[in-house]
Amino acid sequence: MTGQSISPTSELPAYQVVRRQRIIDAAKDMLRVTDYESIQIRDVATSANVALGTLYRYFSSKDHLYAEVVFDWATPFSQTRLPNDELMGTTERISFRLRGALASFEKHPYFYKAILQLRSSSVADVGPVMVRLGEILEEPIRVEMSALDEAEAADITVMVWALLMDVVSRVISKDKTIQEAYRILDRFVVLVKHRLEPVAS
């Protein structure tokens, strides 16, 4: 069942904002313990204490709901300040963020698996949410690249996140171990360091 969902950017009454968030929170709780493919949208509605038809007023499909779920889940990570930020160099901060993202995958694998699936979703409402997700996740890395010109910083940022998602998918498919994934990310940071240091000096 799908339908015309309420736009998240609409001016919703307060009770609808609360209801919409309750649905997202219920779906998020299920994804903490259950693989995305195994989750039934009817069970999400039951957990959120709303009718299935009500859920579809806010989200046009399961993919649309879970795109909003992973966006809601990931947003706080992009806003996290690094410890001893002022004492860390650029590549140290990049390394910290990438290692933190991989550690997050170890703790919350179902969220990353959902992100990988949703990135290839053909549902119209999903694409814009995933673009927004990419923007908020990439922004901290792009800021770390501020010594480079804007275009190069943007390109390297895309490479960073493409690499991260690729190693995550390889760990999921058991093509790489988590230890190998950390090693690959560390090696990439060394390559980035060679580009950034001449610019910063």
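What counts, and at which threshold
Residues numbered from 1 in each chain as written. Predicted model: local features only at pLDDT ≥ 70, side-chain atom pairs only at ≥ 80, totals over all residues. Heavy atoms only, no water. Helix = DSSP H or I, 4+ residues; strand = E, 2+ residues; numbered from the N terminus. Buried < 20%, exposed > 50% of the residue type's maximum accessible area, 1.4 Å probe, protein only. Contact = heavy atoms within 4.5 Å. Areas by Shrake-Rupley, 256 points an atom, 1.4 Å probe, with all protein chains shown as cover. Phe/Tyr/Trp six-rings, centres within 6.5 Å; stacked < 30°, edge-to-face > 60°. pLDDT = per-residue confidence, 0-100. Salt bridge = Lys/Arg side-chain N within 4 Å of Asp/Glu carboxyl O. Axes fitted to C-alpha atoms, helices over the stretch in contact; angles between N-to-C directions. Parallel < 35°, antiparallel > 145°, perpendicular 65-115°, else oblique. Left-handed = near helix turned anticlockwise from the far one by under 90°. Nonpolar A, V, L, I, M, F, W, Y, C, P; charged D, E, K, R; others polar. Expected span 1.5 Å × (residues − 1). Polar contact = N/O pair within 3.5 Å; in protein donor to acceptor, adjacent residues only side chain to side chain.

1. With respect to the overall build of the chain
Next, step 1: A count of helices and strands for the chain gives nine helices and zero strands.
Next, step 2: Element order for the chain, N to C, with α for helix and β for strand: α-α-α-α-α-α-α-α-α.
Next, step 3: Burial statistics for the chain: of 201 residues in total, 43% are counted as buried.
Next, step 4: Across the chain, the fraction of contacts at a sequence separation of at least 24, relative to all contacts at a separation of at least 6, is 72%.
Next, step 5: Of the accessible surface of the chain, which amounts to about 10800 Å², a share of 53% is contributed by carbon and sulfur atoms.

2. Digging into unusual backbone geometry
Glycine aside, residues mostly have negative phi angles, and peptide bonds mostly take the trans form.
Next, step 1: For N49, which is not glycine, the phi dihedral falls at a positive 60 degrees.
Next, step 2: Checked against the element boundaries, N49 lands in the loop between α2 (41-48) and α3 (52-58).
Next, step 3: A residue is classified by how much of its surface remains accessible, and N49, at 66% relative accessible area, is exposed.
Next, step 4: With phi around 65 degrees, K174 is a residue other than glycine that occupies positive phi space.
Next, step 5: Secondary-structure assignment places K174 in the loop between α8 (150-172) and α9 (178-200).

3. Side note on the packing of aromatic side chains
Next, step 1: Under the definition given, this model contains four aromatic pairs.
Next, step 2: Their ring planes at 85 degrees and their centres at 5.9 Å tell us that W73 and Y112 sit as a pair that is edge-to-face. In this pair, W73 is assigned in helix α4 (residues 62-78) and Y112 in helix α6 (residues 109-118), connecting sequence segments 39 residues apart.
Next, step 3: Assessed through its relative accessible area of 8%, W73 is described here as buried.
Next, step 4: Their ring planes at 75 degrees and their centres at 5.6 Å tell us that F105 and Y112 sit as a pair that is edge-to-face.

4. Some remarks on the confidence of the model for the chain
Next, step 1: With 89% of its residues at a pLDDT of 70 or more, the chain shows a mean pLDDT of 88.
Next, step 2: The weakest mean pLDDT in the chain belongs to α9 at 86; the strongest belongs to α2 at 98.

5. Let's talk about the pattern of salt bridges
Next, step 1: According to the stated counting rule, one finds 14 salt bridges in the structure shown.
Next, step 2: One salt bridge in this structure joins R20 and E68, with 3.5 Å as the shortest N-O distance. Of the two residues, R20 is situated in helix α1 (residues 14-33) and E68 in helix α4; the sequence distance between them amounts to 48 residues.

6. Examining the packing of helix α5 (residues 90-107) against α8
Next, step 1: Between α5 and α8, the shortest axis-to-axis distance is 11 Å and the interhelical angle comes to 30 degrees. Here α5 lies roughly parallel to α8, going by the angle between them. By crossing handedness, the relation of α5 to α8 is classed as right-handed. Note on element contacts: α8 touches α5 through V160, W161, L164, V168, V171 and I172, opposite L98, A101, L102 and F105.
Next, step 2: For the contact of α5 with α8, the residue count by class is ten nonpolar, no polar and no charged.

7. What to know about α8
Next, step 1: The end-to-end C-alpha separation of α8 is 33 Å, in line with the 33 Å expected for 23 residues at 1.5 Å each.
Next, step 2: Taken residue by residue, α8 has A153, I156, T157, V160, W161, L163, L164, M165, V167, V168 and V171 as its buried positions.
Next, step 3: By the N-cap criterion, in which a side-chain oxygen at the helix start approaches the backbone nitrogen of a residue two or three places on, α8 is capped by D149, the distance to A151 being 3.1 Å.
Next, step 4: Phi turns positive, to about 65 degrees, at K174, one or two residues after α8.

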